[in-house]
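Each chain is listed here by its residues.
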Amino acid sequence: MAADLSPIDKAKFVAAKRAVEFIEDGMRVGLGTGSTAAWMVRCLAERMREEGLRVTGVPTSSRTAGLARQLGIPITSLDEARWLDLTIDGADEFDHDLALIKGGGGALLQEKIVATASDRMIVIADTAKEVAQLGGFPLPLEVIPFGWQTTKALIEETLVSLEVLGRDVTLRMNGERPFVTDEGNYIVDLHLGRIGNPRQLSLVVNQIPGVVENGLFIDICDIVVIGHGDGRVEVRDINAGTVEQDRVEFADTDNIFADLGD
Ligand SMILES: O=C[C@H](O)[C@H](O)[C@H](O)COP(=O)(O)O
């Protein structure tokens, strides 16, 4: 079955498979959202089945909660867990400081809260997610529906005042209607091309009334696990300053691939 996967799915799978090795018995683990994180949830479920590993998951979206329930992973709320040992999540982009853009799937708010409430955050990604400078991927901002057009105009003014080059700001749609997050908010995407100063941008946009949070994750991610389609995996630890090369085998994974459907 593994042979039927596209190289990109194989890359996501091997990153996820390597990352769940960081999970230890009894841990409280933040479960990220998106196609890469869904592989991680499947790999975690497999470890729990095969090794009797006991873990409590805190999902970062209704989608991830649904998948975890389906696979029999016990889940709880962040309020119940309070603090987590580890969060494993995907990303839309990461740079060499492990600053991230997240929120391509609209889950950035819960993801940021959960990752910030964790001792460590591990990002899992395929090689295409690595960039020299953030911003090629549109930066999502979660905004309150009330007065969103005013908020959007204020965001545009802010980009002008920051002398940011790309200033195209679009409301994310779901067909004919605005996309609505799990928190009942809208998302506006900032098509910037490049972000010269992510830290400044993150601080400034979060000051705009109506903006709930933005998709820049700075100084939050500790480790990135980068998967390749041929099974190679690279583990970069920003705090330890280490880079480890590894390999994940595709053998005996049919029980994971059997429930594919994300
Ligand atoms: O809102 C979605 C999340 O931030 C995802 O982790 C991110 O968009 C990456 O998703 P994927 O693994 O599907 O590329």
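Here, the structure is the one placed above.
Residues numbered from 1 in each chain as written. Predicted model: local features only at pLDDT ≥ 70, side-chain atom pairs only at ≥ 80, totals over all residues. Heavy atoms only, no water.

1. Comments concerning the overall build of the protein
Quick reminder of the rule: Numbering goes from the N terminus for both helices and strands, where a helix is a DSSP run of H or I of at least four residues and a strand is a run of E of at least two. Throughout this description, buried means an accessible area under 20% of the type-specific maximum (1.4 Å probe, protein chains only), exposed means over 50%, and partly exposed covers the range between. The contact rule is simple, with two residues in contact once any of their heavy atoms fall within 4.5 Å. For the area figures, the Shrake-Rupley method with a 1.4 Å probe applies, and any residue is considered shielded solely by the protein chains shown. Only four residue types enter the charge count: Lys and Arg as positive, Asp and Glu as negative, with His and the chain ends excluded. Note that the charge is assigned to NZ on lysines, CZ on arginines, CG on aspartates and CD on glutamates.
Within the protein, the regular secondary structure consists of eight helices and 16 strands. Its C-alpha atoms give the protein principal-axis dimensions of roughly 55 × 35 × 35 Å. Within the span of the protein, comprising 262 residues, buried residues form 53% of the whole. Of the contacts formed within the protein by residues at least 6 apart in sequence, a portion of 73% connects residues at least 24 apart. Looking at the protein as shown, the accessible area adds up to about 11800 Å², and 48% of this sits on carbon and sulfur atoms. Of the side chains in the protein, 25 bear a positive and 42 a negative charge, and the two mean positions are spaced by 1 Å.

2. Examining unusual backbone geometry
The phi dihedral of Leu-98 falls on the positive side, at around 60°, and the residue is not glycine. Among the structural elements, Leu-98 can be located in the loop between strand E4 (93-94) and strand E5 (100-101). Phi at Glu-163 is positive, roughly 55°, even though this residue is not glycine. Relative to the assigned elements, Glu-163 resides in the loop between helix H6 (148-161) and strand E8 (168-171).

Keep in mind that these numbers describe shape and distance, not what the molecule does.
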